[in-house]
Amino acid sequence: MAFADWHADSEIALGGGGAEHAGHDHAVQFYESPEYLSAVVSDFVIDGLARGDSSVIIATGRHAAEFSRALRGKGVDVEAVRKSGRLTLLPASDTLARFMAGTTPDSRAFDRVIGKVIARARRASASGAVRAYGEMVDVLWRVGNREGAITLERLWNDLEHRGAFSLLCAYAMKRFSHADDVDHFRRICDQHSRVMPSENFIMRDEAGRMLEVALLQQRAKALESELAARAALTEELRQTAERERETRGAAERERLEAVRARAEADAARRLAEEANRAKSEFLAVMSHELRTPLNAIGGYTELIELGIHGPVTPEQREALDRVQRSKRLLLGLINQVLNYARIETGAVRYAMADVLLDEVLATCGSIIAPQLRAQGLAYRYGGCDKLLTVRADQEKLEQVIINLLANAVKFTERGGTVSIDVEPSDSSVTIRVRDTGIGIARNRLDVIFDPFVQVDAQYTRTRDGVGLGLAISRDLTTGMGGELTVRSEVGKGSEFSVTLRR
Ligand code: ADP
């Protein structure tokens, strides 16, 4: 079946001619292929010529050429009918430009321009009827000006109602391939008194058309549910993205918080280090400055003792002796503070070497011997392999061991024992300094290595010291790459262990 038959069958023949259709026929033809469009338009014109109607064709350049070719193919002398005024061919874009105001068609300009064309065609019409085919709407639609296209359809409608002509519009079906086009498509259809589906439908027989309708209905349903599923999916994705954004926000906040906390901790640490350095520097300067007048006290006391300023009575000598002892004690304390301050400011250099341990321990034993004797303590050191060495700075190692031995003597009652044991392993050697003294409470074990800490101030005050010996010893041991630890039990005694690499 040809499209013309379908039109005839449906009793909706285009431009029905004469008064019966005049003024109320605004049809729209959807099409798939340009060939079909050419066939429709040429038949539209030929049908008009047969009825004595004039035709106005407003088409794009390419289509106009195809329509003329189709008309010639069907035996129409295109030039002659154009000359007679019964066929007017106008270019779509140029004509459109004559009444567009920006993106909107201007109704007055449209009426004037198109009205004139229709009137001229009517004058050449034998039947008095005019039929028009326009593609200007399609041009607007193609460039995305959908509102403009729908407005133009309305203007055509208005003019057609007033001017009594029949009108055919055509849209390529491919212009409506997007899901969003449903509403626009509907609005276009609503602008027309007749809607003609594309050739896919028209060119079939009745059974084929029914099948096509059924298939279309099914496809529409499927598309509808597909669209609903997509909308649901889009919503789900949106929510997931939202949740992800929130999670990311929380993670980011946490990260920033951690960065801030780290920066604060760094700043606090730097401040503490700075304060510690300032304190150590202060101690170093102070102790150095204290030593000078103290040496002067010692020197002048000695001069008096020597009788340089006259004879000295026995009472005076005893007093001078006390001055000298106090001076020595004070000097010892000041030296300790100076020592500690030096280590803390990092001014101490270590002359590391393989040191013969037995030699070091023997020296320390002889240095501490007078104090052991004075305190009435037994001393045990069984010696060790004469060739056993440790990695250390000999002088500093001696300082550490003497510190530990001096403490052992200080905190052990008369009759007690101080001992040294050596335990070598493959990679290190541990030197244990033990005593049977007063011991240290478990909860104080952690702090005795801190500077200026004395477990029992009252007890220790009777013995000299400022609470720096262990701080210095631990710093020196660490400085030599070793470790100083303690084990102790109150009333039973203490054990300080120095471990050094071999
Ligand atoms: P001090 O100058 O007071 O001896 P240290 O740093 O050498 O300072 O020791 C800190 C404190 O640790 C001492 O005051 C004392 O309370 C405790 N201590 C150190 N060695 C012993 C020990 N062998 N026995 C018991 N207590 C000790």
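As shown above, the structure is provided for reference.
Please read all numbers here as calculations on a predicted model, not as lab measurements.

**Notes on the overall build of the protein chain**
Check the secondary structure of the protein chain and you find 17 helices and 15 strands. About 27,500 Å² of surface is accessible on the protein chain, with carbon and sulfur atoms providing 54% of the total.

**Focus on the side chain of Ser 428**
Residue position: Ser 428 is located in strand β13 (residues 428-435). Residues in contact with Ser 428, not counting those within four places in the same chain, are Glu 423, Thr 499, Leu 500, Arg 501 and Arg 502.

**Quick word on the sheet that holds strand β1 (residues 26-31)**
Pairing in this open sheet of six strands is parallel, and the strands run β3-β2-β6-β7-β1-β8 from one edge to the other. A strand with exactly one partner marks an edge of an open sheet, and here the two such strands are β3 (87-91) and β8 (194-196). The average angle at which neighbouring strand axes cross in this sheet is 15 degrees, direction not considered.

**As for the sheet that holds strand β12 (residues 417-424)**
Spatially, five strands are ordered β10-β12-β13-β15-β14 in an open sheet, and the strand pairing comes out mixed. Strands with a single pairing partner mark the edges of an open sheet, and in this sheet they are β10 (378-381) and β14 (483-489). Put simply, the sheet's adjacent strands are angled 15 degrees from each other on average, direction ignored. Strand direction decides the pairing type here: β12 and β13, joined by seven bridges, are antiparallel. Directly across from Pro 424, in β13, lies its bridge partner Val 429. Of the strands in this sheet, β10, β12 and β13 are in contact with helix α14 (residues 357-375), which crosses β10 at around 175 degrees.

**So, helix α3 (residues 34-51)**
In an α-helix there are 3.6 residues to a turn, and that puts residues three or four apart on one side. If you check α3, its first and last C-alpha atoms are 26 Å apart, about what 18 residues at 1.5 Å a residue would give, namely 26 Å. Of the residues making up α3, those classed as buried are Tyr 36, Leu 37, Ser 38, Val 40, Val 41, Ser 42, Asp 43, Phe 44, Val 45, Gly 48 and Leu 49.

**Some points on the packing of aromatic side chains**
Remark: the centre distance and the inter-plane angle together describe each pair of aromatic rings, the angle taken between the planes. For the structure on display, the rule yields twelve aromatic pairs. When the ring of Phe 110 is compared with that of Trp 156, the centres are 5.3 Å apart and the planes differ by 85 degrees; the resulting orientation is edge-to-face. Of this pair, Phe 110 sits in helix α7 (residues 107-124) while Trp 156 sits in helix α9 (residues 146-163), and the two are 46 residues apart along the sequence. Each member of the pair, Phe 110 together with Trp 156, is buried. Summarising the aromatic geometry, the rings of Phe 176 and Phe 185 are spaced 4.9 Å apart at their centres and angled 75 degrees between planes, so their arrangement reads as edge-to-face. Assessed through its relative accessible area of 12%, Phe 176 is described here as buried. A residue is classified by how much of its surface remains accessible, and Phe 185, at 23% relative accessible area, is partly exposed. These aromatic residues form a ring-pair network of at least three members: Phe 30, Trp 141, Tyr 171, Phe 176 and Phe 185. The ring of Phe 44 carries Arg 131 above its face, with NZ or CZ at 5.0 Å from the centroid. Positioned over the ring face of Tyr 350 is Lys 396, at 5.5 Å from the centre of the ring.

**What to know about the environment of Glu 147**
With respect to the helices, strands and loops of the structure, Glu 147 is situated in helix α9. Placed 44 residues apart in sequence, Glu 147 and Thr 103 show a C-alpha to C-alpha distance of 8.7 Å. Setting aside anything within four residues of it in sequence, one finds Glu 147 in contact with His 184 and Arg 187. Polar side-chain contacts of Glu 147 include one of 3.2 Å to the side chain of Arg 187.

**Describing the site of the ligand**
By nearness alone, 20 residues border the ligand, and Asn 407, Lys 410, Asp 435, Gln 454 and Leu 470 come closest of all. Residue Lys 410 places a side-chain N or O atom 2.8 Å away from an oxygen atom belonging to the ligand. Here a nitrogen atom of the ligand and a side-chain polar atom of Asp 435 are 2.9 Å apart. Notes on the ligand: free accessible area 520 Å², of which the protein chains cover 98%. Only α15 (394-410), α17 (469-479) and β15 (493-501) provide two or more residues apiece to the shell around the ligand. Considering each element in turn, the shell around the ligand owes the most residues, three residues, to α15. Taken together, the residues of the shell around the ligand sort by class into ten nonpolar, eight polar and two charged.

**Let's talk about the pattern of salt bridges**
Pairs may arise between side chains of opposite charge once their charged atoms sit close together. Here the structure, examined in full by the defined rule, presents 32 salt bridges. With a closest N to O distance of 3.5 Å, Asp 266 and Arg 269 form a salt bridge. Here the residue Asp 266 and the residue Arg 269 both occupy positions in helix α12 (residues 206-305), the gap between them amounting to three residues, near one helical turn. A salt bridge links Asp 393 to Lys 396, with the shortest nitrogen-to-oxygen separation between them at 3.0 Å. Each member of the pair Asp 393 and Lys 396 is classed as buried.

**Here we look at the pairing of strand β6 (residues 130-134)**
Counting buried positions along β6 gives five out of five residues, so the element sits mostly inside the fold. The two faces of β6 match: Val 130, Ala 132 and Gly 134 on one face and Arg 131 and Tyr 133 on the other face are all buried. Across five bridges, the pairing between strand β2 (residues 54-59) and β6 is parallel. If you follow Ile 58 over to β6, its bridge partner there is Gly 134. Across four bridges, the pairing between β6 and strand β7 (residues 166-172) is parallel. Directly across from Tyr 133, in β7, lies its bridge partner Leu 168.

Cut-offs used in this document
- Residues numbered from 1 in each chain as written.
- Predicted model: local features only at pLDDT ≥ 70, side-chain atom pairs only at ≥ 80, totals over all residues.
- Heavy atoms only, no water.
- Helix = DSSP H or I, 4+ residues; strand = E, 2+ residues; numbered from the N terminus.
- Areas by Shrake-Rupley, 256 points an atom, 1.4 Å probe, with all protein chains shown as cover.
- Contact = heavy atoms within 4.5 Å.
- Pairing = 2+ DSSP bridges.
- Axes fitted to C-alpha atoms, helices over the stretch in contact; angles between N-to-C directions.
- Expected span 1.5 Å × (residues − 1).
- Buried < 20%, exposed > 50% of the residue type's maximum accessible area, 1.4 Å probe, protein only.
- Phe/Tyr/Trp six-rings, centres within 6.5 Å; stacked < 30°, edge-to-face > 60°.
- Lys NZ or Arg CZ within 6 Å of the ring centre and 35° of its normal.
- Polar contact = N/O pair within 3.5 Å; in protein donor to acceptor, adjacent residues only side chain to side chain.
- Near = heavy atom within 4 Å.
- Nonpolar A, V, L, I, M, F, W, Y, C, P; charged D, E, K, R; others polar.
- Salt bridge = Lys/Arg side-chain N within 4 Å of Asp/Glu carboxyl O.

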